[in-house]
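Listed below are the residues making up each chain.
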Amino acid sequence: MTNDIHRPLTLRDVSEATGVSEMTVSRVLRNRGDVSEKTREKVLAAAKELGYVPNKIAGALASSRVNLVGVIIPSLSNMVFPEVLTGINRVLENTDLQPVVGVTDYQPEKEEKVLYEMLSWRPSGVIIAGLEHSEASKAMLQAAGIPVVEIMDTDGKPVDAMVGISHRRAGREMAKAILKAGFEHIGFMGTKMPLDHRARKRFEGFTEALAKEGVEIEDRAFYSGGSALAKGREMTQEMLERSPDLDFIYYSNDMIGAGGLLYLLEQNVDIPREIGLAGFNGVELLDGLPRRLATMDACRQEIGRKAAEIIAAQLDNPEAEIEKHVTLTPTIDYGDTLKRW
């Protein structure tokens, strides 16, 4: 596929959209000068709709781009995204490009702000987590005129390029593995998902695959905030007190799964004969547990590497044929908690 990077928007585009002079547009966007409130609102609305971001690089450098790649991720407080950043850095360290990171806390409004600030410094490319963004963020990405790679998820349509896994497929594959192992009474535990779209898609794929075989989730619980390890212990205890007949719990991530595993081992539960467990992500922490929690590798470093390679390749040769929709295939690690011996 030939790259299609559009020219970045300019003050003239906003001027033409609003019917006011470029000087007035500049005054409004820099919050300077005497401009009527009506005109100010008109200019700001048009700039937001177009996705225009003012250029903070002054003077002779204004038409240039800096050798930075904006990397926008939802969190640094778990073990997932640092590995993605490692993959990105391993590619970019062999180029003139440097990654600069912004964190959104899964909040669309914060993503808009982080993206706006990053684009105002005219980076050479953007790597951003997820395919779901606000209309304002989408407009900025589409109008940036630089390579954009959306990462982690391929269940949707990207602005430009995407690298990740199908989370719906990941959920389906785990459901099939659980049923094939002979488990029938299944519970689910995860984060509250309105803003964690990838966890939501895994849950949807998981429940769809179970339903296809006539199985329903018998109990479910969702949490937000706090230590995932502690929440896993606490919620596993509560779920099994509510639903003692469960013979499997699927956790939306490895950290709450590890908490559940530690709780059950303390209770001398025979895993997986009495109850099986599985998480998601394949984090290294699992290697230090008394039993290996079943999980699924999310291909984190590879996602980071592939995304950075796409950015570097597009900048090196904008006319080159580059694969821009990359779906990786995660694999199940059955560990000690999924196979029934």
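Residues numbered from 1 in each chain as written. Predicted model: local features only at pLDDT ≥ 70, side-chain atom pairs only at ≥ 80, totals over all residues. Heavy atoms only, no water.

As recorded in an unreviewed UniProt entry, the chain goes by LacI family DNA-binding transcriptional regulator and comes from Tritonibacter litoralis.

## A word on the sheet that holds strand β8 (residues 248-251)
One key point about sheets: their strands pair by backbone hydrogen bonds, in either a parallel or an antiparallel sense. With respect to topology, 4 strands assemble into an open sheet ordered β7-β6-β8-β9, the strand pairing being parallel. Two strands lie at the open edges of the sheet, namely β7 (219-223) and β9 (276-278), each paired on one side alone. Each strand axis lies, on average, 15 degrees off the axis of its neighbour in the sheet, ignoring direction. Where helix α8 (residues 197-212) meets the sheet, its contacts fall on β6 (186-191), β7 and β8, and the angle it forms with β6 comes to roughly 170 degrees. (Pairing = 2+ DSSP bridges. Helix = DSSP H or I, 4+ residues; strand = E, 2+ residues; numbered from the N terminus. Axes fitted to C-alpha atoms, helices over the stretch in contact; angles between N-to-C directions. Contact = heavy atoms within 4.5 Å.)

## Quick word on unusual backbone geometry
The linkage connecting I271 with the following residue, P272, adopts the cis geometry, with an omega of 5 degrees. Relative to the helices and strands, P272 resides in the loop between α10 (254-266) and β9. Phi is positive for D105, which is not a glycine, with a value near 55 degrees. Take D105: it is sitting in the loop between β2 (98-103) and α5 (108-120). You will see that N268, though not glycine, has its phi angle at about 60 degrees, which is positive. Along the chain, N268 turns up in the loop between α10 and β9.

## Notes on the packing of aromatic side chains
What the rule picks out here adds up to 7 aromatic pairs. Measuring from ring centre to ring centre gives 4.6 Å for F188 and F203, while their planes differ by 50 degrees; the resulting arrangement is tilted. You can see F188 sitting in strand β6 and its partner F203 sitting in helix α8, a full 15 residues away along the chain. Across the pair, F203 and F188 agree in class, each one buried. Between F203 and F222, the aromatic rings sit 5.9 Å apart at their centres with planes inclined by 85 degrees, giving edge-to-face as the arrangement. With F203 in helix α8 and F222 in strand β7, the pair connects residues that are 19 residues apart, well separated along the chain. By way of ring pairs, the aromatic residues F188, F203, F206, F222 and Y250 are connected into one cluster. The ring of F280 has R202 lying over it, and the distance from NZ or CZ to the ring centre is 3.9 Å. (Phe/Tyr/Trp six-rings, centres within 6.5 Å; stacked < 30°, edge-to-face > 60°. Buried < 20%, exposed > 50% of the residue type's maximum accessible area, 1.4 Å probe, protein only. Lys NZ or Arg CZ within 6 Å of the ring centre and 35° of its normal.)

## Focus on the packing of helix α1 (residues 11-18) against helix α3 (residues 37-50)
Where α1 contacts α3, the two axes come as close as 9 Å, and the packing angle between them is 120 degrees. Considering the angle they form, α1 stands oblique to α3. As for how α1 packs across α3, the hand of that crossing is right-handed. Along its contact with α1, which presents D13, V14, A17 and T18, the element α3 presents K42, V43, A46, A47 and L50. A per-class count over the contact of α1 with α3 returns 6 nonpolar, 1 polar and 2 charged. (Parallel < 35°, antiparallel > 145°, perpendicular 65-115°, else oblique. Left-handed = near helix turned anticlockwise from the far one by under 90°. Nonpolar A, V, L, I, M, F, W, Y, C, P; charged D, E, K, R; others polar.)

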